[in-house]
Amino acid sequence: MAITKEAEKLISQLENSPEGRKHGRDARAYAVDNWKIHTGEWEKPDGWKDPYAKLDKASKAKPKTTKAKAKK
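Residues numbered from 1 in each chain as written. Predicted model: local features only at pLDDT ≥ 70, side-chain atom pairs only at ≥ 80, totals over all residues. Heavy atoms only, no water.

Visitor: Help me out: how do you make sense of the overall build of the protein in this one?
Guide: Per the secondary structure count, the protein includes 4 helices and 0 strands. Listing each helix as α and each strand as β along the protein from the N terminus yields α-α-α-α. Per-residue burial over the protein gives 24% buried out of 72 residues. Considering only contacts within the protein whose residues lie at least 6 apart along the sequence, 28% involve residues at least 24 apart. Approximately 6500 Å² of the protein is accessible, and the part contributed by carbon and sulfur atoms is 53%. (Helix = DSSP H or I, 4+ residues; strand = E, 2+ residues; numbered from the N terminus. Buried < 20%, exposed > 50% of the residue type's maximum accessible area, 1.4 Å probe, protein only. Contact = heavy atoms within 4.5 Å. Areas by Shrake-Rupley, 256 points an atom, 1.4 Å probe, with all protein chains shown as cover.)

So, in structure tokens, the structure goes:
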């Protein structure tokens, strides 16, 4: 199964996060493995915390609105 651009973006964020950096050169494998668990492709191990939960919320943030112009 191919990874979409949005999924790739989230995987890269986790790979470069402090949690991913703990795994050194295996950070990419760690991020992809967690993605497969997150999407349900693999079964969740006991005690697993979803690192993508907060990244999903951050990526779905509402766009900022423009400020109203001041009246003269």
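Visitor: What am I meant to see in the packing of aromatic side chains here?
Guide: Describing an aromatic ring pair means giving the distance of the ring centres and the angle of the ring planes. The full count for this structure, using the stated rule, is 1 aromatic pair. Summarising the aromatic geometry, the rings of Trp35 and Tyr52 are spaced 5.1 Å apart at their centres and angled 80 degrees between planes, so their arrangement reads as edge-to-face. In this pair, Trp35 is assigned in helix α3 (residues 27-39) and Tyr52 in helix α4 (residues 52-59), connecting sequence segments 17 residues apart. A relative accessible area of 16% means that Trp35 is categorised as buried. Here Tyr52 falls in the buried class, since its relative accessible area comes to 0%. (Phe/Tyr/Trp six-rings, centres within 6.5 Å; stacked < 30°, edge-to-face > 60°.)

Visitor: I would appreciate a short explanation of α3 in the present structure.
Guide: Along an α-helix, residues three or four apart share an orientation, since each turn contains 3.6 residues. Taking 1.5 Å of rise per residue, the 13 residues of α3 would be expected to cover 18 Å, and the 18 Å separating its terminal C-alpha atoms lies within 8% of that figure. All buried positions along α3 are accounted for by Ala27, Tyr30, Ala31, Val32, Asn34, Trp35 and Ile37. Positive backbone phi, at 90 degrees, marks Gly40, one or two positions downstream of α3. (Expected span 1.5 Å × (residues − 1).)

Visitor: I tried to follow the environment of Ala53 on my own but got confused; where do I start?
Guide: Along the chain, Ala53 falls in helix α4. Spatially, the C-alpha atoms of Ala53 and His38 are 8.6 Å apart, while their sequence positions differ by 15 residues.

Visitor: Could you clarify how one ought to interpret helix α1 (residues 5-16) in this entry?
Guide: Given a rise of 1.5 Å per residue, 12 residues ought to cover 16 Å, and the 16 Å separating the end C-alpha atoms of α1 matches this to within 8%. When we look at burial in α1, the residues that qualify are Ala7, Leu10, Ile11 and Leu14. In a view along the axis of α1, the buried residues occupy a sector of 100 degrees, so they form one face of it. Those residues of α1 that are exposed and aimed more than 90 degrees away from the buried face are Lys5 and Lys9. (Arc of directions from axis to C-beta.)

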